[in-house]
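Observations on the three-dimensional arrangement
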Amino acid sequence: YFIFIQDFSQAMSQAGSSQFQEVIRQELEYSMKVELDKILATAHSNEIEHTKKDLEGFKKLFHRFLQEKGPSVDWGKIQRPPEDSIQPYEKIKARGLPDNIASVLNKLVVVKLNGGLGTSMGCKGPKSLIGVRNENTFLDLTVQQIEHLNKSYNTDVPLVLMNSFNTDDDTKKILQKYSHSRVKIYTFNQSRYPRINKETLLPIAKDVSYSGENTECWYPPGHGDIYASFYNSGLLDNLIAEGKEYIFVSNIDNLGATVDLYILNHLMNPPNGKRCEFVMEVTNKTRADVKGGTLTQYENKLRLVEIAQVPKAHVDEFKSVSKFKIFNTNNLWIALSAIKRLQEKNAIDMEIIVNPKTLDGGLNVIQLETAVGAAIKSFENSLGINVPRSRFLPVKTTSDLLLVMSNLYSLNAGSLTMSEKREFPTVPLVKLGSSFTKVQDYLRRFESIPDMLELDHLTVSGDVTFGKNVSLKGTVIIIANHGDRIDIPAGALLENKIVSGNLRILDH
């Protein structure tokens, strides 16, 4: 994308005048408007209203995309955040909890970002419906956590799911099963934007439908869309009318993102009397997180900087754990009244992420997205809280799934906690090879999940299966070369071992 933008801007500068640039921009915007009007004209009467809102939102994003050139941060202006702008969690926790914590909880709404599909793990349908632990899905665990909270404190904390057009139908079918749980569940849909042809910068969709061959024409524009969609759905106003004041937003696949009473108390009863409108939970980087977005000080505001915004010459510096020690977990606490105020003023500023994709037929498209945390600079009195690593437990791959299914964690009321039997508080590094990428292949290769309490590092590559009750300790590397197969026998103990070659366990 940057190469494209550079070519675009070089052509512009060679052409000499900003007038010429403006003419090209206007032409592109006009062509886009014509195409979007044609698409809108194909909508049924019951679709017109929300399609119009979606396309209006897209038009604004496209307008900004044409205005911006190249990476959107000036590296020279990036500074380390001031000391007090990122507070250690221990300090927040040390304040303790007030007696009336229930009344504080009643002001909270839990929002889960539920727009993603499980395709990267070889599953059809919403990612939130993948079984994670004892047959429980991400969604089951979320509902159990909030139900436990509501029962323990006699409160009414609702759950709001931000679905996408990809996940909405399947999620709503499943919600029937929670009708008797003590959690009110609401949903709203994020926008549906048209993918654009990388060459022509025009939409590839010809009409509003998004089924059949048109599935690839549309996309949900990233979780930064939450502000506009939440506001447009009417749900934001309803929750404010019910007396709710803060939302706690997180990715549904982050199993560490549970409601934290100490952070909530800090928001509702700030020590200096001045409430924060936006809190971002950050945690210390490890080698696995060098690409994560980081909080910086930029033009006297806290600002989230993502790797895509960093000029090429500074990418290594950005990844350095010594200079940028923390990264964004995407666990965010945001004041509802502030979202309403900023949304009404059209004052939420998020950088555009240009996501290039190649469709099945080979067509190159781009989709314009935004990230929810990038809006931190638009809010007043923002704060970072450096939380323990345990609040960041995302399941993006089957390697992550192996960790959360294992005896490293115990499950209690929907929350996973690191087993007390593990001597080191750090999570082992697990790398499963391509034979394990899809959930069904992964499940087929483990007769039972190995004992991993004393594991530091596991690498598995090639055609490998595990029998029942295997124990892994220290560093274990298992490599089956092409054409070979390794069956780890039931009851095996592998401690600081490298296993390679061919090992077949035959039934007799």
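Residues numbered from 1 in each chain as written. Predicted model: local features only at pLDDT ≥ 70, side-chain atom pairs only at ≥ 80, totals over all residues. Heavy atoms only, no water.

- Identification of the chain as UTP--glucose-1-phosphate uridylyltransferase from Loxia curvirostra is taken from an unreviewed UniProt entry.
- Its UniProt record gives the chain the following Sequence similarities (unreviewed entry) comment, quoted word for word: "Belongs to the UDPGP type 1 family." (UniProt positions renumbered as here; feature names shortened; annotations may be inferred.)

**Here we look at the layout of surface pockets**
- Of the pockets and cavities examined, the second largest pocket occupies roughly 1000 Å³.
- Of the residues forming the lining of the second largest pocket, the biggest block, nine residues, is contributed by helix α3 (residues 48-67).
- Residues that form the lining of the second largest pocket fall into these classes: eleven nonpolar, 13 polar and 13 charged. (1 Å grid on protein atoms, 1.4 Å probe; cavity = no way out; pocket = protein on both sides within 12 Å on 5 of 7 lines; lining within 4 Å. Points joined across faces, edges and corners; volume = space filled by probe spheres on them. Helix = DSSP H or I, 4+ residues; strand = E, 2+ residues; numbered from the N terminus. Nonpolar A, V, L, I, M, F, W, Y, C, P; charged D, E, K, R; others polar.)

**Observations regarding the packing of aromatic side chains**
- A full pass over the atoms with the stated rule returns 15 aromatic pairs.
- Here the aromatic rings of Phe446 and Phe466 are separated by 4.7 Å at their centres, their planes lie at 15 degrees, and the arrangement is stacked. Here the residue Phe446 occupies a position in the loop between α14 (439-445) and β22 (451-461), and Phe466 occupies one in strand β23 (residues 464-466), the gap between them amounting to 20 residues.
- On the basis of relative accessible area, Phe446 is assigned to the buried category, the value being 7%.
- Ring pairs connect the aromatic residues Phe58, Phe62, Phe65, Tyr193 and Tyr219, which therefore count as one cluster.
- Just above the ring of Trp218 sits the side chain of Arg192; from NZ or CZ to the centre is 4.2 Å.
- The ring of Phe318 is capped by Lys285, whose NZ or CZ atom sits 5.1 Å from the centre of that ring. (Phe/Tyr/Trp six-rings, centres within 6.5 Å; stacked < 30°, edge-to-face > 60°. Buried < 20%, exposed > 50% of the residue type's maximum accessible area, 1.4 Å probe, protein only. Lys NZ or Arg CZ within 6 Å of the ring centre and 35° of its normal.)

**Regarding the UniProt feature "binding site: UTP" (unreviewed entry) in the chain**
- UniProt marks Lys127, Gln190, Gly222, Asp253 and Lys396 with the feature "binding site: UTP" (unreviewed entry), using the numbering shown here. In the annotation above, Gln190 are the residues that line the second largest pocket.
- Contacts of Lys127, omitting those with residues within four sequence positions, involve Gly116, Leu117, Gly118, Met121, Phe138, Asp253, Val395 and Lys396.
- In this structure the side chain of Lys127 is engaged in a polar contact, spanning 2.8 Å, whose partner is the side chain of Asp253. (Contact = heavy atoms within 4.5 Å. Polar contact = N/O pair within 3.5 Å; in protein donor to acceptor, adjacent residues only side chain to side chain.)

**With respect to empty space enclosed by the protein**
- With the rule as written, the count across this model stands at two cavities of 30 Å³ or more.
- Of the volumes computed, that of the largest cavity is approximately 50 Å³.
- Lining the largest cavity are Lys112, Phe138, Thr142, Gln145, Ile252, Asn254, Leu255, Gly256, Ala257 and Thr258.
- When residues of the lining of the largest cavity are assigned to their parent elements, the largest contribution, three residues, is made by helix α6 (residues 138-153).
- Classifying every residue of the lining of the largest cavity by side-chain character gives four nonpolar, five polar and one charged.
- Volume-wise, the second largest cavity comes out at about 40 Å³.
- Forming the boundary of the second largest cavity are Val110, Lys112, Thr142, Gln145, Ile146, Phe248, Ala257, Thr258 and Val259.
- Contributions of two or more residues to the lining of the second largest cavity are made by β3 (108-114) and α6.

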